[in-house]
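Architecture at a glance
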Amino acid sequence: MKLVVGLGNPGVKYAGTRHNIGFMAAERLAELNHIGLKKKGFQAIYGVGRVAAQETLILQPQTFMNCSGSSVNAAVSSHSVTADNLIVIFDDLDLPFGRMRIKIDGGHGGHNGMRDIIGVLGYRNFVRVRVGIGRPEHGDVTNHVLGRFSSEEQKRLPDVLDAVCDAVSAVLSQGALAAMNTYNNFSLDI
């Protein structure tokens, strides 16, 4: 079983915010692969189906971002998912909007959801797909992260989400290293 986790915050208040780009990517991946995200369990909403010919569970933790570890751990434990079969998609301030990075292993990079997942799992050698949301030119970082995409970003968001889904599918079908060679140079010009 492969486990693809999209990080975000539950509720209408956070829907469509930059911090929820992981949720959006998980929803798009499910849609493209005809997987309904309708089941409840693991403190999450999830669905199971095939992505890139691999049996895959797509998970959206409903624990709020900073407490994502318990949800991810519950799914990992229930399905005996190994580190090499876990992919976590999340927002990254240090990448401009329209960029992504696939990485195996590493720290949390200041992302509290990733910090919690690593802390609860007790390991960090899983695949991450970091999706750029950019830093604000002026103003508070928290307001930027929890804010909505600009009108120009909104126009390009579907292309970004499709590219993330292509990258996740490549990780599942070709392996993380091959996917990194292709998608770590990806840039959506905006």
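Quick caveat: nothing in here was measured; it's all calculated off a predicted structure.

With respect to the nonpolar core
Ranked by internal contacts, the top residues of the largest apolar core, which has 38 residues, are Val 129, Val 164 and Val 168. Of all the secondary-structure elements, those providing two or more residues to this core are helix 1 (21-32), strand 5 (86-92), strand 6 (100-104), strand 7 (127-132), helix 5 (151-174) and helix 6 (176-183). With 11 residues, the single largest contributor to this core is helix 5. Apart from the residues within four sequence positions on either side, Val 168 is in contact with Val 4, Leu 29, Ile 87, Ile 89 and Val 129. Among the nonpolar cores identified, the runner-up in size contains 21 residues, and Tyr 46, Leu 59, Val 72 and Val 88 belong to it.

What about the packing of helix 2 (residues 68-78) against helix 3 (residues 112-121)?
Here helix 2 crosses helix 3 at 45°, and the two axes come no closer than 7 Å. When the interaxial angle is binned, helix 2 and helix 3 end up oblique. The element helix 2 and its partner helix 3 pack so that their crossing is right-handed. Packed against helix 2, whose contacting residues are Ser 68, Gly 69, Ser 70, Val 72, Asn 73 and Val 76, the element helix 3 presents Gly 113, Asp 116, Ile 117, Val 120 and Leu 121 at the interface.

Section: the packing of aromatic side chains
For the structure shown, the criterion picks out 4 aromatic pairs. On the basis of an interplanar angle of 80° and a centroid distance of 6.1 Å, the ring pair of Tyr 14 and Phe 64 is categorised as edge-to-face. With Tyr 14 in the loop between strand 1 (2-6) and helix 1 and Phe 64 in the loop between strand 4 (54-61) and helix 2, this residue pair connects regions lying 50 residues apart in the sequence. On the basis of relative accessible area, Tyr 14 is assigned to the buried category, the value being 17%. In this structure, Arg 128 packs its charged tip against the face of Phe 126, placed 4.5 Å from the ring centre.

Describing the environment of Gln 60
Checked against the element boundaries, Gln 60 lands in strand 4. Taking the C-alpha atoms as reference points, Gln 60 and Tyr 46, 14 residues apart in sequence, are found 6.1 Å from one another.

Some remarks on the pattern of salt bridges
Taken as a whole and assessed by the stated rule, the structure comprises 8 salt bridges. Put simply, Asp 94 and Arg 135 hold a salt bridge, and the shortest N to O gap is 3.0 Å. With a gap of 41 residues between them, Asp 94 in the loop between strand 5 and strand 6 and Arg 135 in the loop between strand 7 and helix 4 (141-145) connect regions that are remote in the sequence. On the accessibility criterion, Arg 135 (48% relative accessible area) is partly exposed. A salt bridge links Asp 105 to Arg 124; the nearest nitrogen and oxygen atoms lie 3.2 Å apart. Residue Asp 105 is located in the loop between strand 6 and helix 3, and its partner Arg 124 is located in the loop between helix 3 and strand 7; the two are separated by 19 residues in the primary sequence. Take Asp 105: its relative accessible area is 30%, and that puts it in the partly exposed class. Under the relative-accessibility criterion, Arg 124 is labelled partly exposed at 43%. A cluster of three or more residues bridged by salt bridges with shared partners is formed by Arg 28, Glu 31 and Asp 162.

Thoughts on the pairing of strand 1
Where burial is concerned, most of strand 1 is hidden: 5 out of the 5 residues are buried. Alternating residues of strand 1 divide into Lys 2, Val 4 and Gly 6 and Leu 3 and Val 5, and every residue in both groups is buried. Here strand 1 runs beside strand 4; their pairing, made up of 4 bridges, is parallel. What sits directly across from Leu 3, in strand 4, is Leu 57.

Looking at helix 3
For helix 3, every residue scored as buried is listed here: Gly 113, Met 114, Ile 117, Ile 118 and Leu 121. Projected down its long axis, helix 3 carries its buried residues within an arc of 130°, all on one side. Summarising the contacts, the buried residues of helix 3 are in contact with helix 2, strand 5 and strand 7. Remark: Gly 122 follows helix 3 within two positions and exhibits a positive phi of approximately 85°.

Conventions used here
- Residues numbered from 1 in each chain as written.
- Predicted model: local features only at pLDDT ≥ 70, side-chain atom pairs only at ≥ 80, totals over all residues.
- Heavy atoms only, no water.
- Core = buried A, V, L, I, M, F, W, Y, C linked by side-chain atoms within 4.5 Å.
- Buried < 20%, exposed > 50% of the residue type's maximum accessible area, 1.4 Å probe, protein only.
- Helix = DSSP H or I, 4+ residues; strand = E, 2+ residues; numbered from the N terminus.
- Contact = heavy atoms within 4.5 Å.
- Axes fitted to C-alpha atoms, helices over the stretch in contact; angles between N-to-C directions.
- Parallel < 35°, antiparallel > 145°, perpendicular 65-115°, else oblique.
- Left-handed = near helix turned anticlockwise from the far one by under 90°.
- Phe/Tyr/Trp six-rings, centres within 6.5 Å; stacked < 30°, edge-to-face > 60°.
- Lys NZ or Arg CZ within 6 Å of the ring centre and 35° of its normal.
- Salt bridge = Lys/Arg side-chain N within 4 Å of Asp/Glu carboxyl O.
- Pairing = 2+ DSSP bridges.
- Arc of directions from axis to C-beta.

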